[in-house]
Structure formats: C-alpha cells, structure tokens
Amino acid sequence: MEEMKIDRRAVRTRKVLRKSLLSLMKDRPIAKITVKELCAKAEINRTTFYAHYTDISELLEQIETDLLGEIATNLTSGLSNDAISDMLMNLLLMIQKNADICTVMLGKNGDQEFFSRIMAYAEQASTANWKKQNPQLTDEMLHAIFVFISSGSIALIKQWINEGMKTNISEIALFISKLTQLEIRNLQFN
C-alpha cells in the first residue's frame, strides 16, 4: 500500500515539474531557467527536484522523449496505412492533447535540437513511403520534396497552434493531405 502512495506522489511531482517548466519556457529559453525558480513555481523543494532529475535539461529531455514517442507512433501508423490524412488527423489530435508542450516546443523558446530530431524522423518515414510509391525518385529529389512539403505543413500547424487550435482538425489534415498528394502524384522527371 505504501508503494502505491509513493508512486502516485512521484507521478504528481513529475507532472507539476513538467507543467511548471513549460510555463516558465513560455517567457524565456531553458538556459535562463534555474532549478530554484522552477522549484518555486512548482511549489516543491530542491531536494524533491533532485530526487527525480539531475538537472533541468534531464526534465526537458524526458518531456521531449515522451512527445517524440507519440509523434513517432502517429507517423509510423499513418504512413504504413498509406492514409496521410489519417496520420495527420492523429498527429493534430496528439498536438491538441499535448497543447501545453507543443505550444512551447514549437514556439520561440522551444528546443531547436528537438525539432530537428522530429524532422529527421519524419523525413525518414515519409521518404521511405514515397520511394515505394515512386521508385524513380532519387534520394536528392525525395529530400527536396520533404523539405518543400514539411515547411508548408509546419507553417500551417504552427499557425493553427498560435491561433488557439480553433480550426477543425479534419479540415487542416485534409488540406495538407490533398496538397501533399497533389505534389507527389504530379511529379514527372525526365
């Protein structure tokens, strides 16, 4: 019985730390956030913080790892079904569910290295799928296609997030999906 109480307290503490860090990151980059102010925001003492994490970077890394796992699952399942609109719907629902994290991570104080990891994973999954559909495309062409499509998609998703995620998810997913399929389907190289 005592073990369950400890586990619940640990889960609660980690949630509070996560929420507090994200709140602080809305206003400034992680490099300018101290353990002292994080603990004050979370209303815990430093000893409790250090019982869970070695530093703030480890906490951020845990947040990023959890989010990247969800993103990877969405990308993999969507692309394997060849249903880009379904994958986008799942991805946007995941972003909406994790609005606190995604707003910060895709904002001005977000971790660009984390964003690069997401993009590398997305490129690998997308180009492998496109190569199956269009074997004549070279790796250079696939990379160019990914850069073009992902830049526009990311801009639309960031705009959706910045506007408070008010637009219907299915509309955004269908719009991006149609543009993506249009671009790849109509590629003709000599």
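Counting secondary structure elements, the chain contains nine helices and zero strands. Taken from the N to the C terminus, the helices and strands of the chain come in the order α-α-α-α-α-α-α-α-α. For the chain, long-range pairs separated by at least 24 residues make up 62% of all intrachain contacts whose partners lie at least 6 apart in sequence. Counting every atom, the chain has about 11500 Å² of accessible surface; 54% of that belongs to carbon and sulfur.

Attention now moves to helix H7 (residues 112-133). Under the 1.5 Å per step criterion, the end-to-end length of H7 is 31 Å for 22 residues, consistent within 8% with the ideal 32 Å. Every buried residue belonging to H7 is among Phe114, Phe115, Ile118, Met119, Ala122, Ala125, Ser126, Thr127, Asn129 and Trp130, and all of these are buried.

Now for empty space enclosed by the protein. Enumeration according to the criterion identifies one cavity of 30 Å³ or more in this entry. Along the walls of the largest cavity sit 28 residues, with Leu75, Leu91, Ala122, Ile154 and Ile157 positioned nearest its centre. For the lining of the largest cavity, the element with the highest residue contribution is H7, accounting for seven residues. Class assignment of the residues belonging to the lining of the largest cavity gives a composition of 24 nonpolar, four polar and no charged.

This part takes up the nonpolar core. Among the nonpolar cores identified, the biggest contains 51 residues, and Leu21, Phe49, Ile95 and Trp160 are the most heavily contacted of them. Where this core is concerned, the elements lending two or more residues are helix H1 (2-25), helix H2 (35-42), helix H4 (56-80), helix H5 (84-97), helix H6 (99-105), H7, helix H8 (139-162) and helix H9 (169-185). When neighbours within four sequence positions are excluded, tryptophan 160 is seen to be in contact with Leu92, Ile95, Gln96, Met165, Lys166, Thr167, Ile169 and Ile172.

At a minimum axis distance of 10 Å, the contact between H7 and H8 shows a crossing angle of 125 degrees. Here H7 lies oblique to H8, going by the angle between them. H7 and H8 meet at a crossing whose hand is right-handed. Taken together, the residues of H8 that come into contact with H7 (itself represented by Phe115, Met119, Ala122, Glu123, Ser126, Thr127, Trp130 and Lys131) are Leu142, His143, Ile145, Phe146, Ile149, Ser150 and Ile154.

Looking now at the pattern of salt bridges. Scanning the entire structure with this criterion turns up four salt bridges. Where aspartate 100 meets arginine 18, a salt bridge forms, and the shortest distance between an N and an O atom there is 3.4 Å. One end of the pair, aspartate 100, is in helix H6; the other, arginine 18, is in helix H1, and 82 residues separate them in sequence. Close ionic contact of arginine 117 with glutamate 64 constitutes a salt bridge, the shortest N to O distance being 3.7 Å.

Basis of the calculations
Residues numbered from 1 in each chain as written. Predicted model: local features only at pLDDT ≥ 70, side-chain atom pairs only at ≥ 80, totals over all residues. Heavy atoms only, no water. Helix = DSSP H or I, 4+ residues; strand = E, 2+ residues; numbered from the N terminus. Contact = heavy atoms within 4.5 Å. Areas by Shrake-Rupley, 256 points an atom, 1.4 Å probe, with all protein chains shown as cover. Expected span 1.5 Å × (residues − 1). Buried < 20%, exposed > 50% of the residue type's maximum accessible area, 1.4 Å probe, protein only. 1 Å grid on protein atoms, 1.4 Å probe; cavity = no way out; pocket = protein on both sides within 12 Å on 5 of 7 lines; lining within 4 Å. Points joined across faces, edges and corners; volume = space filled by probe spheres on them. Nonpolar A, V, L, I, M, F, W, Y, C, P; charged D, E, K, R; others polar. Core = buried A, V, L, I, M, F, W, Y, C linked by side-chain atoms within 4.5 Å. Axes fitted to C-alpha atoms, helices over the stretch in contact; angles between N-to-C directions. Parallel < 35°, antiparallel > 145°, perpendicular 65-115°, else oblique. Left-handed = near helix turned anticlockwise from the far one by under 90°. Salt bridge = Lys/Arg side-chain N within 4 Å of Asp/Glu carboxyl O.

Function-wise, these values are silent; they only describe arrangement.
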